[in-house]
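Analysis of the macromolecular model
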Amino acid sequence: MEPLSNTIRVTVPNYLSNLPIPDSVGGWFRLGVRDWASLIPLAAAVGGVTYLTYKAFCPRARPDQKKAAVNPNIKKNVEKVVDMFDLEDIGDKVAFCRCWRSKNFPYCDGSHTPYNRESGDNVGPVCLSRKK
Ligand code: FES
């Protein structure tokens, strides 16, 4: 335990106090090659911790995780949800669901309204009507 304690209490503070951190923006332009080289371990440590934190807390960054599904529960037993309609059978007007929350899928039943309210999304149906 003493090596860890010594590192935290003595080595790291000594290292940080000896870093050539300038007092002004212009001071960064006056740093020499050795100064910049002495900043590399700190930059690598900060970059590494930032990267690991991002990987740990950003769900989409994890390679083992699929992207969020658009379809939460409609016909999940088929590989691809496809609905075919004969234009003659549709009638004068129809509204097809695009939010994937309708209990009457593929037709819109208004479920997009509470879904939009909860999620902050703005999806709605695609409405088709026949010209008269
Ligand atoms: S219920 Fe899905 S778009 Fe209306």
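Calculation rules
Residues numbered from 1 in each chain as written. Predicted model: local features only at pLDDT ≥ 70, side-chain atom pairs only at ≥ 80, totals over all residues. Heavy atoms only, no water. Helix = DSSP H or I, 4+ residues; strand = E, 2+ residues; numbered from the N terminus. Polar contact = N/O pair within 3.5 Å; in protein donor to acceptor, adjacent residues only side chain to side chain. Contact = heavy atoms within 4.5 Å. Core = buried A, V, L, I, M, F, W, Y, C linked by side-chain atoms within 4.5 Å. Buried < 20%, exposed > 50% of the residue type's maximum accessible area, 1.4 Å probe, protein only. UniProt positions renumbered as here; feature names shortened; annotations may be inferred.

The topology assignment puts N71 in the loop between helix 3 (33-57) and helix 4 (87-90). At a separation of 2.7 Å, a polar atom in the side chain of N71 contacts the main-chain carbonyl oxygen of I74. Contacts of N71, omitting those with residues within four sequence positions, involve K76, V81 and W100.

On to the nonpolar core. Membership of the largest hydrophobic core is limited to five residues, which are I74, C97, C99, F105 and Y115. When near neighbours in sequence (up to four residues on either side) are disregarded, F105 contacts I74, V81, D83, C97 and W100.

With that settled, consider the UniProt feature "transmembrane region" (unreviewed entry) in the protein. Under the feature "transmembrane region" (unreviewed entry), the UniProt entry names residues 36-57. The distance from the first to the last C-alpha atom of residues 36-57 is 31 Å, and the span holds 100% helix and 0% strand.

Phi is mostly negative for residues that are not glycine, and the peptide bonds are mostly trans. In this structure, P106 follows F105 across a cis peptide bond, with omega equal to 15 degrees. Assignment of secondary structure puts P106 in the loop between strand 1 (93-96) and helix 5 (112-119). The backbone of K75 sits at a positive phi, close to 45 degrees, despite the residue not being glycine. Tracing the sequence through the fold places K75 in the loop between helix 3 and helix 4.

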